Every structure is written in structure tokens, then in C-alpha cells.
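Tertiary structure, described
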Amino acid sequence: MAWKLIRDSHYKCIVYFADGNTRTLFSIDWTHQFSKNRDPQLGLNRLRKRINFYGPKAKTAIIYIKDNGEELERYYDGIKQND
């Protein structure tokens, strides 16, 4: 069975852009569609890379653990904030 993006992702990221748009991204935790296992760290690294790509255009980006909704990381203008 193939992986489904929203159903099988470990993380969710909501990005609020400077122009007022909002985008929801889900982690891609597998190397290809028919891979046998998931790697949550791979998906998290891919989300971080996407936030870095957006840079200052993304005013706020928040990464959540999808299962329980717990906030994992927060970024302002592409820079990770320390808690």
C-alpha cells in the first residue's frame, strides 16, 4: 500500500506569509511512495528546509506534531526561536 500525505505524516507546519496568505504543509517521512518504513527525522528536516527556502517571506512558521497537536518549533522571518 502506498503512503498518503496527510494520513501518514508525523508533522504539520502552518506558514503565515507577509502578504497575508497561509499555507499548511505536511512532512514527507518516506523516501519513495512504496518504501517499507517511515523516517520522522527525514520529514522534519524537509519541513525545516522548506521554511529556510521561504526565509523572510514567511513571517511566522510553526511545526506541530500531527498526532497530538503539540507545538515543536516556531520560526519568525525564517529564524528559529529559542524557548
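Structural data are supplied above this passage.
Residues numbered from 1 in each chain as written. Predicted model: local features only at pLDDT ≥ 70, side-chain atom pairs only at ≥ 80, totals over all residues. Heavy atoms only, no water.

Quick notes on unusual backbone geometry
A positive phi angle is found at D77, which is not glycine, with a value near 55°. Looking at where D77 falls in the secondary structure, it is placed in the loop between β4 (71-76) and β5 (79-80). (Helix = DSSP H or I, 4+ residues; strand = E, 2+ residues; numbered from the N terminus.)

Structural notes on the environment of I63
Structurally, the position occupied by I63 is in strand β3 (residues 58-65). I63 sits 15 residues away from R48 along the chain, and the two C-alpha atoms are 8.8 Å apart.

Observations concerning the sheet that holds strand β2 (residues 22-26)
Strands sit in the order β2-β1-β3-β4-β5 across an open sheet of five strands; the sheet is antiparallel. The two strands at the open ends of the sheet, each matched to only one other strand, are β2 and β5. With seven bridges joining them, strand β1 (residues 11-17) and β3 adopt antiparallel strand pairing. By the bridge assignment for β3, Y16 is matched with T60. (Pairing = 2+ DSSP bridges.)

A word on the nonpolar core
Counting 13 residues, the largest nonpolar core has C13, V15 and I63 as the members making the most contacts within it. Those elements that place two or more of their residues in this core are β1, α2 (40-54) and β3. Not counting the four nearest positions on each side in its chain, I63 is found in contact with Y11, K12, C13, L44, L47, R48, I51, E70, E71, L72, E73 and Y75. (Core = buried A, V, L, I, M, F, W, Y, C linked by side-chain atoms within 4.5 Å. Buried < 20%, exposed > 50% of the residue type's maximum accessible area, 1.4 Å probe, protein only. Contact = heavy atoms within 4.5 Å.)

A word on the side chain of E73
With respect to the secondary-structure elements, E73 resides in strand β4. A polar contact of 2.4 Å, which involves the side chain of E73, links it to the side chain of R48. At 2.6 Å, the side chain of E73 forms a polar contact with the side chain of Y75. Dropping the residues within four chain positions of it, E73 is found in contact with R48, A61, I62, I63 and K80. (Polar contact = N/O pair within 3.5 Å; in protein donor to acceptor, adjacent residues only side chain to side chain.)

Bear in mind that shape data such as this cannot, by itself, settle questions of function.
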